[in-house]
Amino acid sequence: MKKTGTRMLSRREFLRAAAAAGAGAGLAGWKGAHALSAAPRQTAGLLARIPVGVQLYSVRELAAKDLPGTLEAIGKMGYKGVEFAGYYGWEAKPKELRKLLDANGLKCCGTHTGLDTVTGEALKATAELHSILGNTFLIVPSLQVEGAQGWLDMAKRFDEIAARAKELGMRVGYHAHAGDFKKLGDKTSWEIFFDNTRPAVIMQLDIGNCLQGGGDPVAILKKYPGRSASVHLKEFGGPEAAVIGQGVVPWAKVFDVCETTGGTVWYVVEHEVGPDPMGNIRGCLEGLRKMGRGL
C-alpha cells in the first residue's frame with residue numbers, strides 16, 4: 001500500500017508482468033514515433049474536436065478473454081483510440097497488435113505502464129513497442145512515494161526519464177489518484193510533483209479521481225497550462241456506477257480548459273466498476289456525445 005494515501009491499483013501486477021514480457025521480447029525495428037502536438041487546440045473560435053479513446057482497464061476481463069473481439073466492439077461503438085494497461089500476451093507480437101488496431105479504426109492513444117518499464121534499459125524496449133503501435137504517451141499509473149521530499153526526488157527522476165524518452169520519440173507522464181490531492185504540508189503531492197517537473201512530463205488528470213480526493217479538477221487544469229495532453233474522463237457522484245453525464249462533474253468547464261489552454265490531444269474514458277463494463281463505456285460515449293464530444 002502507498003504511504004502517501006494514493007491507493008495501489010490491482011492493474012499494477014499485470015503491468016509489471018507485461019513489462020517483463022515486453023522487455024524480454026527483444027523488439028526491433030524502431031523507426032521513431034508519430035509525435036502528437038501538445039499545443040492548445042483552438043480553431044478560429046470553433047470547437048476543436050479532440051478524439052475520445054477508452055482505457056482498456058475499463059473492460060479488462062473481456063480483453064483478457066478476447067482482445068480482438070473487444071477491440072472490434074470498441075471500434076464499432078465509435079471510440080477513436082484505446083489506452084493500454086497491459087497487453088494480454090500481445091506484447092510479443094506488436095505488429096499483429098497494430099494490425100488489430102488499424103482494422104478497427106483505432107489508434108493507440110497511450111499506455112499505463114509501470115515505472116520500471118520506463119527506467120534504465122527497459123525504456124528502450126517500451127519505446128520500441130509503442131513506436132510500432134503508433135503511440136508516444138507512456139503514462140505511469142501509480143507511484144510509491146513517501147513525504148514531500150520523496151515527491152521532489154521523484155520529480156527530478158521523471159525529468160531525467162523525460163529527457164531520455166524524448167530522444168526515443170516518447171513522452172512520459174503520471175496519472176492521478178484520489179490520494180494525490182491530500183496535503184503534505186501546504187501543498188498536495190500532485191502540486192509538489194508537477195510544480196517541480198518540466199512541461200514535457202504529461203499531467204494525466206483523472207477528473208473523477210481528483211474530485212474523490214477533494215481536488216478541484218478545473219482549477220488544476222488551469223494551473224498547469226499545456227500539461228494535459230491526455231485527460232481521463234471519469235464521472236463522480238450520481239447513481240452507482242454512473243456514466244459520464246450522470247454525476248456532478250462540471251463537464252462544460254473541464255472541456256473549456258482542455259480545449260483552450262490545457263493542450264489536450266486525447267480524452268480517455270475510464271469506467272472501472274459495475275457488472276456491465278461494455279455497456280458502461282458505451283454509456284460514457286453516449287453521454288459525451290450529448291455534450292458535443294466524441295462525435
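Above this text sits the structure in question.
So, here is what we can say about the structure in this document. For clarity, every value in this text was computed on a predicted model and none was experimentally measured.

## Let's talk about the overall build of the chain
Okay, so step 1: Helix and strand counts for the chain come out as 11 helices and 10 strands.
Okay, so step 2: The buried share among the 295 residues of the chain stands at 55%.
Okay, so step 3: In the chain, the proportion of contacts linking residues at least 24 apart, taken out of those at least 6 apart, comes to 79%.
Okay, so step 4: Total accessible area on the chain is roughly 12,500 Å²; 53% of this is exposed by carbon and sulfur atoms.

## So, helix 5 (residues 122-133)
Okay, so step 1: A rise of 1.5 Å per residue sets the reference length of helix 5, with its 12 residues, at 16 Å; its end C-alpha atoms lie 17 Å apart and thus fit the reference within 8%.
Okay, so step 2: Across the 12 residues that make up helix 5, a large majority, 10, are buried.
Okay, so step 3: Within the sequence span of helix 5, burial applies to L123, A125, T126, A127, E128, L129, H130, S131, I132 and L133.

## Digging into the sheet that holds strand 3 (residues 107-112)
Okay, so step 1: Here we have 8 strands laid out as an open sheet, ordered 8-5-4-3-2-1-10-9, and parallel in their pairing. Two strands lie at the open edges of the sheet, namely strand 8 (202-204) and strand 9 (230-233), each paired on one side alone. On average, each strand axis in the sheet is tilted by 30° relative to the strand beside it, whichever way the strands run.
Okay, so step 2: With 3 bridges joining them, strand 1 (residues 52-55) and strand 2 (residues 81-84) adopt parallel strand pairing. Within the sheet, the bridge partner assigned to Q55 lies in strand 2 and is E83.
Okay, so step 3: Sitting on the sheet, helix 6 (residues 147-167) is in contact with strand 4 (137-140) and strand 5 (171-175), with an inclination near 150° to strand 5.

## So, the packing of aromatic side chains
Okay, so step 1: According to the stated counting rule, one finds 12 aromatic pairs in the structure shown.
Okay, so step 2: Taking the ring centre of Y57 as reference, the NZ or CZ of R60 above it sits at 4.1 Å.
Okay, so step 3: The ring of W90 carries the charged tip of K93 above its face, separated from the ring centre by 4.3 Å.

## A word on the side chain of T264
Okay, so step 1: Here T264 lies in the loop between helix 10 (251-258) and strand 10 (266-269).
Okay, so step 2: A distance of 2.9 Å separates a polar atom in the side chain of T264 from the backbone oxygen of S228.

## Some points on the pairing of strand 1
Okay, so step 1: Here strand 1 shows two buried faces, one formed by V52 and V54 and the other by G53 and Q55.
Okay, so step 2: Relative to strand 10, strand 1 runs parallel, the two sharing 3 bridges. Residue pairing in the sheet places V52 in a bridge with Y267 of strand 10.

## Points about the environment of D256
Okay, so step 1: Position of D256 relative to the elements: it lies in helix 10.
Okay, so step 2: According to the relative accessible area criterion, D256 is partly exposed, its value standing at 46%.
Okay, so step 3: Sequence separation between D256 and V218 is 38 residues; the distance between their C-alpha atoms is 9.2 Å.

## Focus: the packing of helix 4 (residues 94-103) against helix 5
Okay, so step 1: In the contact formed by helix 4 and helix 5, the axes pass within 8 Å of each other and the chain directions differ by 35°. Taken as a pair, helix 4 and helix 5 cross one another with a handedness that is right-handed. Counted together, P94, K95, L97, R98 and L101 of helix 4 and L129, S131, I132 and L133 of helix 5 form the full contact between these two elements.
Okay, so step 2: Taken together, the residues that form the contact of helix 4 with helix 5 break down as 6 nonpolar, 1 polar and 2 charged.

## Things to note about unusual backbone geometry
Okay, so step 1: The residue Y88 is not glycine, and still its phi comes out positive at about 55°.
Okay, so step 2: Considering the arrangement of structural elements, one finds Y88 in the loop between strand 2 and helix 4.
Okay, so step 3: The partly exposed category is assigned to Y88, whose relative accessible area is 23%.

## Points about the nonpolar core
Note on soluble globular proteins: their nonpolar side chains tend to be buried together.
Okay, so step 1: Among the nonpolar cores identified, the biggest contains 73 residues, and I74 and Y79 are the most heavily contacted of them.
Okay, so step 2: Non-local contacts of Y79, meaning those with residues more than four positions away in its chain, are made with V52, G53, V54, I74, G105, L106, V269, I281, C284 and L285.
Okay, so step 3: C109, I139, A229 and V268 belong to the second largest nonpolar core, which has 8 residues in total.

## A short note on the pattern of salt bridges
Okay, so step 1: If you walk through the whole model with that rule in mind, you get 10 salt bridges.
Okay, so step 2: Note that K76 is salt-bridged to E72, the shortest N-O span being 3.0 Å. Of this pair, K76 and E72 both sit in helix 3 (residues 67-77), separated by 4 residues, roughly a single helical turn.
Okay, so step 3: With relative accessibility at 66%, the residue K76 sits in the exposed group.
Okay, so step 4: A salt bridge links R293 to E259; its shortest N-O distance comes to 2.8 Å. With R293 in the segment after helix 11 (277-290) and E259 in the loop between helix 10 and strand 10, this pair connects stretches of sequence that are 34 residues apart.

Each value, and the rule that gives it
Residues numbered from 1 in each chain as written. Predicted model: local features only at pLDDT ≥ 70, side-chain atom pairs only at ≥ 80, totals over all residues. Heavy atoms only, no water. Helix = DSSP H or I, 4+ residues; strand = E, 2+ residues; numbered from the N terminus. Buried < 20%, exposed > 50% of the residue type's maximum accessible area, 1.4 Å probe, protein only. Contact = heavy atoms within 4.5 Å. Areas by Shrake-Rupley, 256 points an atom, 1.4 Å probe, with all protein chains shown as cover. Expected span 1.5 Å × (residues − 1). Pairing = 2+ DSSP bridges. Axes fitted to C-alpha atoms, helices over the stretch in contact; angles between N-to-C directions. Phe/Tyr/Trp six-rings, centres within 6.5 Å; stacked < 30°, edge-to-face > 60°. Lys NZ or Arg CZ within 6 Å of the ring centre and 35° of its normal. Polar contact = N/O pair within 3.5 Å; in protein donor to acceptor, adjacent residues only side chain to side chain. Left-handed = near helix turned anticlockwise from the far one by under 90°. Nonpolar A, V, L, I, M, F, W, Y, C, P; charged D, E, K, R; others polar. Core = buried A, V, L, I, M, F, W, Y, C linked by side-chain atoms within 4.5 Å. Salt bridge = Lys/Arg side-chain N within 4 Å of Asp/Glu carboxyl O.

By themselves these figures say nothing about function.
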